[in-house]
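Coordinates in review
Each chain, letter by letter, is given below.
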Amino acid sequence: MTRYLITSALPYINGVKHLGNLVGSMLPADLYARYRRARGDETLFICATDEHGTPAELAALDAGQDVATYCAEQHEVQKTLGEGFGLSWDYFGRSSSPQNQELTQHLARVLWANGHLEVRTTKQVYSHAEKRFLPDRYVIGTCPHCGYDRARGDQCENCTRVLDPTDLINPRSALSGSTEIEIRDSAHLFLKQSTFVEPLRAWIDSHENDWPNLVLSIARKWLDEGLNDRGITRDLEWGVPVPDDIGDGLMKGKVFYVWFDAPIEYIGATKEWSDAAGKPDSEWQKWWRPERQSDVTYVEFMAKDNVPFHTVGFPITIMGSGENWKLVDRIKGFNWLTYYGGKFSTSQKRGIFMDKALELVPADYWRWWLMANAPESADSSFTWEHFASVVNKDMADVLGNFVNRVTKFTVARFDGKVPGEGDYGEDEKLLIAELDKRVAAYAGYLEDIDFRKALAELRAIWVAGNEYLTKAAPWTHVKTDRTKAAVGVRMGLNLVHLFGHLAWPVIPASAKAVHEAIMPAPEVIAWPDQPMAQYLDSLEAGHEIHPPEVLFAKITEEQLAEWKARFGGEDAD
RNA sequence: GGCAGCGUAGCUCAGUGGUAGAGCAGGGGAAUCAUAAUCCCUUGGUCGGGGGUUCAAAUCCCUCCGCUGCUACCA
């Protein structure tokens, strides 16, 4: 049986992530990982913070910390928030780890040995004030085309023209404002991507049927436009050092570009995981260097901006190594989640961030709404009104109220115990047939990693429970035919039990609470494998149940108004 | 400017050649076990505009309009 390796795109270190980041990679990866575990599959779910690069250095500068301290702190912040959202990582690593450094250097060495890297001289902007090289975007000056005086070295934001830092009039450092800058030659390693076009195309074509259109079209666009060789080193201090033995001795003091080492951290974090557990190297290697590629099914989750690096950049690193590293099997890409149709924006404080979100409502509310409305085929839009109406209706009314009405009635009329009288009849058979079909459809959508449809099916399963209960109407029968009422209640309780199992991958904390209405819940709530006829008649007569407190408090009009005002609704820009 | 995606009921979205769909919201009814929750029935769209291909187009082609994003050292 194949093992499942699951990775989520690495959240960048410079601050708390917003809900768009969450829904685009970490949350769907968690849902899928939980589903695999529920089915009993051997599963490893890996994530990490992406810590290198100039933005991290600048954020640290802002915070008045050295970059290592800053990253260590922010890593803990992101780890805590992820756990708050129920993200069930087997390991949440750091791209700055020694393990990643070792692996990154190893892969660079074999690429160098295989002739896939070459040294080229490039022109870089050096700032005397900062005593460092500046990335293009951190050089500002007057645009030669439109005269805008705050144009960036990569592009003028006013006239949108693409620029080179040397084009700027009166160039200066965006960090200090210093004009003491000069253009210096600097040697860098380039990955000869152009030689990989054919194998990449063949590989991508082989996934014609199991990758989403979004992923295929982005990957092919890059190949069609011609792959440029790509610089994989930078003149920075914070990063994985380039080893002396590659690059003809010209790489002293340089580090790898963050996009080179970040995907390698998928492997690095796996090694961090096995090292932390005191396990031998064979433990992480069985995931990344399996005997046969088919021993591991590797699934990656990411937003669409990340697709090129996972369909082109990282695969070239793997292919070019000539070693038997595991290549990704399935890539699930997401579009953008928008906030009232506009972009989530950290700088403009527009949208909702993970820390604030958890202060408002439990994580499962977000998990449900985000995955039920995941931007799978197109961008999707968050609005407070929609969020409140979906959460109140689906979770509180359809699921929560079902659990509540069945369990409360059991206490009121059947002594809080599963009644054993009577046999299932025609109504129960119809329900069982419907649920056999729906549970299979729900599983099918999860296998296909088609989340919106999966959650719509899960909701339909809950609705089927309400429909059944209305038809069975034990509250009516209990007055005249206690046995008939008992049948309805017994089925109702079995449905509660079922719902707890089916909902666990999506809303784990709530599913646990539902499960515990019937009996104590295990760490991993297993998938119901039996046919429904058997499963829905599995609770023992006389078993005592425990009605939960209100499972899902509804979002009130007052809360809605307050949150809209606090976070900015449609009027905010 | 170039490129990509999108534009289907009031709202959020399915549907990619064969008589327009779901959920929510709206309207009517049933029930009263329950967080006034649930269940049944129902109103509602010339599928952004125009042109073309086809026996047949929301679905393929062209064009126009609108929205969003990307445009490579930005993670």
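Just above sits the structure.
What counts and how
Residues numbered from 1 in each chain as written. Chains lettered and ligands numbered in written order. Predicted model: local features only at pLDDT ≥ 70, side-chain atom pairs only at ≥ 80, totals over all residues. Heavy atoms only, no water. Buried < 20%, exposed > 50% of the residue type's maximum accessible area, 1.4 Å probe, protein only. Helix = DSSP H or I, 4+ residues; strand = E, 2+ residues; numbered from the N terminus. Pairing = 2+ DSSP bridges. Right-handed = clockwise from strand over helix to strand, strands pointing away. Phe/Tyr/Trp six-rings, centres within 6.5 Å; stacked < 30°, edge-to-face > 60°. Lys NZ or Arg CZ within 6 Å of the ring centre and 35° of its normal. Axes fitted to C-alpha atoms, helices over the stretch in contact; angles between N-to-C directions. Parallel < 35°, antiparallel > 145°, perpendicular 65-115°, else oblique. Contact = heavy atoms within 4.5 Å. Nonpolar A, V, L, I, M, F, W, Y, C, P; charged D, E, K, R; others polar.

**Regarding the pairing of strand 13 (residues 296-303)**
Most of strand 13 sits inside the fold, with 8 of its 8 residues counted as buried. Side chains of strand 13 alternate between two faces, with Val296, Tyr298, Glu300 and Met302 and Thr297, Val299, Phe301 and Ala303 buried alike. With 6 bridges joining them, strand 1 (residues 3-8) and strand 13 adopt parallel strand pairing. Within the sheet, the bridge partner assigned to Ser8 lies in strand 13 and is Phe301. Direction of pairing for strand 13 relative to strand 14 (residues 330-334): parallel, over a ladder of 5 bridges. Pairing of Val299 across the sheet is with Arg330, part of strand 14. Considered for its hand, the β-α-β crossover made up of strand 13, helix 9 (residues 307-321) and strand 14 is right-handed.

**Description of the packing of aromatic side chains**
Per the counting criterion, the structure on display carries 28 aromatic pairs. For the pair Tyr32 and Phe301, a centre-to-centre distance of 5.9 Å together with 50 degrees between the ring planes defines the contact as tilted. Of this pair, Tyr32 sits in helix 1 (residues 19-38) while Phe301 sits in strand 13; the two residues are 269 residues apart in sequence, bridging distant segments of the chain. When sorted by exposure, Tyr32 lands in the same class as Phe301, which is buried. Relative to Phe414, the ring of Phe409 has its centre 6.5 Å away and its plane inclined at 55 degrees; by these criteria the two rings are tilted. Judged by its relative accessible area of 15%, Phe409 falls in the buried class. One aromatic cluster in this structure is built from Tyr339, Trp366, Trp369, Phe382, Trp384, Phe387, Trp563 and Phe567. Of note, Lys332 hangs over the ring of Phe334, and the distance from its end group to the ring centre comes to 5.6 Å.

**Observations concerning the packing of helix 7 (residues 258-276) against helix 9**
Relative to each other, helix 7 and helix 9 sit at 80 degrees, their axes nearing to 10 Å. Classified by the angle their axes make, helix 7 and helix 9 are roughly perpendicular. On the side of helix 7, the interface is formed by Trp259, Phe260, Pro263, Ile264, Tyr266 and Ile267, while helix 9 contributes Phe309, His310, Phe314 and Thr317. When grouped by side-chain class, the residues that make up the contact of helix 7 with helix 9 number 8 nonpolar, 2 polar and no charged.

**Topic: the pairing of strand 9 (residues 181-191)**
Judged from the 11 bridges that link them, strand 4 (residues 117-127) and strand 9 form a sheet pairing that is antiparallel. Within the sheet, the bridge partner assigned to Glu118 lies in strand 9 and is Phe190. In the sheet, strand 9 pairs with strand 10 (residues 230-231) via 2 bridges, with the strands oriented antiparallel. If you follow Phe190 over to strand 10, its bridge partner there is Gly231.

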